[in-house]
Amino acid sequence: MTVATQRIAAHLRSAILGGHIAPGERVRQEDVAQELGASRLPVREALQMLAAEGMIEHEPNKGARVPWLSMREVDVMYKMREQLEPLALSESMPFLTPGDLLRLEEIQDEIEAGVEVEQFLALDREFHLRTYSACGIDHLTSTVTRLWNSTQYYRRAFMHISGPSRRWVVNAEHRLLMDALGRRDEIDAGRFLAGHIRRTRIELNRHPEVFGED
């Protein structure tokens, strides 16, 4: 993988996760190549990388685009997360270091200090993926990351709709999870995490407008 491919993939990944390229929007190789001053080959390779990460899909004779998901598809993805993320957490927990736990504390303190939606999304993502970072099962962690990538847009839309009024629930759930991690209690941690994901899934289902559905 060339440096150019990595640079282009990082640029597109940031644009998709940041909501600058929305679901359903096409990503044309020639446009990306011109914007970034690159040839088409590293652009093509970068798009293949992002497809493996769940951020891009290729349509025959139409090219690449950011996938648009229905409410049902996102609901199923969240149900997958409810099962897979507690497993990733249990595999990771024994190997989390005091430095990892300290960083979780710092992230949560930042969230509770009051942040805008974009910063919250970045911090929340770092918080959860940090808890899985010591999981040695690459296929599991890559699947979890792919599910996070695929549903990022819908989390953002939901956060804009719900506003800061429900942020206290997230904070409480994060604190419960951190307490279980500190005690190395796999059962409590998995239960708190599954409930945290389930609550978000249920609240998302109350807002079909996020998915363009009535």
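Here the structure is a predicted model, which means the values were calculated and not measured. (Residues numbered from 1 in each chain as written. Predicted model: local features only at pLDDT ≥ 70, side-chain atom pairs only at ≥ 80, totals over all residues. Heavy atoms only, no water.)

Moving on, we come to the packing of helix α5 (residues 98-112) against helix α8 (residues 167-182). Between α5 and α8, the shortest axis-to-axis distance is 11 Å and the interhelical angle comes to 165°. In terms of their interaxial angle, α5 and α8 are classed as roughly antiparallel. For the element pair α5 and α8, the recorded crossing hand is left-handed. Residue-level inspection shows Leu101, Leu104, Glu105, Gln108, Asp109, Ile111 and Glu112 of α5 in contact with α8, the latter providing Asn171, His174, Arg175, Met178, Leu181 and Gly182. Looking at the contact of α5 with α8 residue by residue, the classes come out as five nonpolar, four polar and four charged. (Axes fitted to C-alpha atoms, helices over the stretch in contact; angles between N-to-C directions. Helix = DSSP H or I, 4+ residues; strand = E, 2+ residues; numbered from the N terminus. Parallel < 35°, antiparallel > 145°, perpendicular 65-115°, else oblique. Left-handed = near helix turned anticlockwise from the far one by under 90°. Contact = heavy atoms within 4.5 Å. Nonpolar A, V, L, I, M, F, W, Y, C, P; charged D, E, K, R; others polar.)

Within this structure's numbering, the places UniProt gives as "domain: HTH gntR-type" (unreviewed entry) are residues 2-69. For the annotated span residues 2-69, helix accounts for 53% and strand for 12% of the residues, and the straight-line distance between the end C-alpha atoms is 31 Å. (UniProt positions renumbered as here; feature names shortened; annotations may be inferred.)

Our focus in this paragraph is the sheet that holds strand β1 (residues 26-27). Strand order in the open sheet formed by three strands is β1-β3-β2, and the pairing between neighbours is antiparallel. Because the sheet does not close on itself, it has two edges, and the strands there are β1 and β2 (57-59). Pairing of β2 with strand β3 (residues 63-65), which is carried by three bridges, proceeds in the antiparallel orientation. The partner of His58 across the bridge, within β3, is Ala64. (Pairing = 2+ DSSP bridges.)

Remark: helix α6 (residues 117-131) packs on α8, axes separated minimally by 12 Å, with the N-to-C direction vectors making an angle of 20°. By the angle between their directions, the pair α6 and α8 is classed as roughly parallel. You can see that α6 and α8 cross each other, and the crossing is left-handed. When α6 is examined against α8, the residues Phe120, Asp124, Phe127, His128 and Thr131 are found in contact with a partner set consisting of Arg167, Val170, His174, Leu177, Met178 and Leu181. Grouping the amino acids of the contact of α6 with α8 by side-chain chemistry returns six nonpolar, three polar and two charged.

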